[in-house]
Amino acid sequence: MTKIKYRMWNSVKEYPEKSKMFYDTEQVMACLEQQILFENGKKIGYDHCAEGNVFMLLTGLPVKDGMDCYDGDILKVGIKHGFHSELLQEFKKENNLESINGISTYFIGIVRVDLFRGLMFENPKNGYQEPIFSRHRSIFPFHSDIEIIGNIYEHPNLLKEN
């Protein structure tokens, strides 16, 4: 069973170079509690989101090296040679994903947590989102290599390069 965990991007608007990611569970949960109290109109709460801070939920998505995968992580999904699912081909075509000699070796995207639709995979080029898992299918073949290469806050350059 996946643990419920959050991390928080602490944005420092005046000094962006001082912005950083917080993983300490107790610290992040205390900030999240303050945010919830604020949103419920309690005077003891604090509006972290107004400061540009962002809370990200652990997804539970199995990735290479057993790393924790959070909302906002940038994924590199490697396609094993010889794998050509109809769904994946359709996804690649719709989203203008790159291929080498007609065979895709990997694609880059952002994992998103949508409270109504579940885990989503976002194409950074056009913002299109596809469910990672649905009742009948998965856009990731079970034998793909899924690797976290960064996140949208600390490594936005990775989205520009791909």
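Look up a bit, the structure's there.
Quick summary incoming for the structure in this document. All of these numbers come straight from a predicted model, not from anything done at the bench.

So, how was this worked out
- Residues numbered from 1 in each chain as written.
- Predicted model: local features only at pLDDT ≥ 70, side-chain atom pairs only at ≥ 80, totals over all residues.
- Heavy atoms only, no water.
- Buried < 20%, exposed > 50% of the residue type's maximum accessible area, 1.4 Å probe, protein only.
- Helix = DSSP H or I, 4+ residues; strand = E, 2+ residues; numbered from the N terminus.
- Pairing = 2+ DSSP bridges.
- Core = buried A, V, L, I, M, F, W, Y, C linked by side-chain atoms within 4.5 Å.
- Phe/Tyr/Trp six-rings, centres within 6.5 Å; stacked < 30°, edge-to-face > 60°.
- Lys NZ or Arg CZ within 6 Å of the ring centre and 35° of its normal.
- Axes fitted to C-alpha atoms, helices over the stretch in contact; angles between N-to-C directions.
- Contact = heavy atoms within 4.5 Å.

1. Some details on the pairing of strand β6 (residues 118–122)
Across the five residues that make up β6, a large majority, four, are buried. Linking two consecutive strands that pair antiparallel, namely strand β5 (residues 106–114) and β6, is a turn of three residues. Bridging between β6 and strand β7 (residues 129–131) involves three bridges; their strand directions are antiparallel. Among the inter-strand pairings, M120 is bridged to a residue of β7, identified as P131. The hairpin turn running from β6 into β7, its antiparallel successor, is six residues long, and G127 in that turn takes a positive phi close to 80°.

2. Some details on the nonpolar core
Considering soluble globular proteins, one finds that nonpolar side chains tend to be buried as a cluster. In this structure, L61, V63, C69, L75, V77, F107, V111, L119, F121, I132, I146 and I148 together form the largest nonpolar core, which totals twelve residues. At the level of elements, β4 (73–78), β5, β6 and β8 (145–151) are the ones that each hand at least two residues to this core. Grouped together as the second largest cluster of nonpolar side chains are six residues, V28, C31, L32 and F55 included.

3. Points about the packing of aromatic side chains
For the structure shown, the criterion picks out two aromatic pairs. Judged by centre distance (5.7 Å) and plane angle (20°), the ring pair of W9 and Y153 falls under stacked. Within this pair, whereas W9 is found in strand β1 (residues 6–10), its partner Y153 is found in the loop between β8 and α3 (157–161), the two being separated by 144 residues in sequence. Given a relative accessible area of 11%, W9 falls into the buried group. Note on Y153: relative accessible area 25%, which makes it partly exposed. Taking 6.1 Å as the distance between ring centres and 70° as the angle between the ring planes, the aromatic pair formed by Y23 and Y70 counts as edge-to-face. Of this pair, Y23 sits in the loop between β2 (20–22) and α1 (25–39) while Y70 sits in the loop between β3 (54–57) and β4, and the two are 47 residues apart along the sequence. Residue Y23 is classed as partly exposed on the basis of its relative accessible area of 42%. The buried category is assigned to Y70, whose relative accessible area is 3%. The ring of Y15 carries the charged tip of K18 above its face, separated from the ring centre by 5.0 Å.

4. A look at the sheet that holds β2
Ordered by their spatial adjacency, three strands build an open sheet running β2-β1-β3, and the pairing between neighbours is antiparallel. Every interior strand has two partners, whereas the edge strands, β2 and β3, have only one. With direction set aside, neighbouring strand axes in the sheet form an average angle of 25°. Pairing between β1 and β2: three bridges, direction antiparallel. Among the inter-strand pairings, N10 is bridged to a residue of β2, identified as K20. Across the sheet, α1 touches β1, β2 and β3, and the angle it forms with β1 is around 75°.

5. A word on the pairing of β1
The pairing of β1 with β3 spans four bridges and is antiparallel. Of the residues in β3, the one forming a bridge with M8 is F55.

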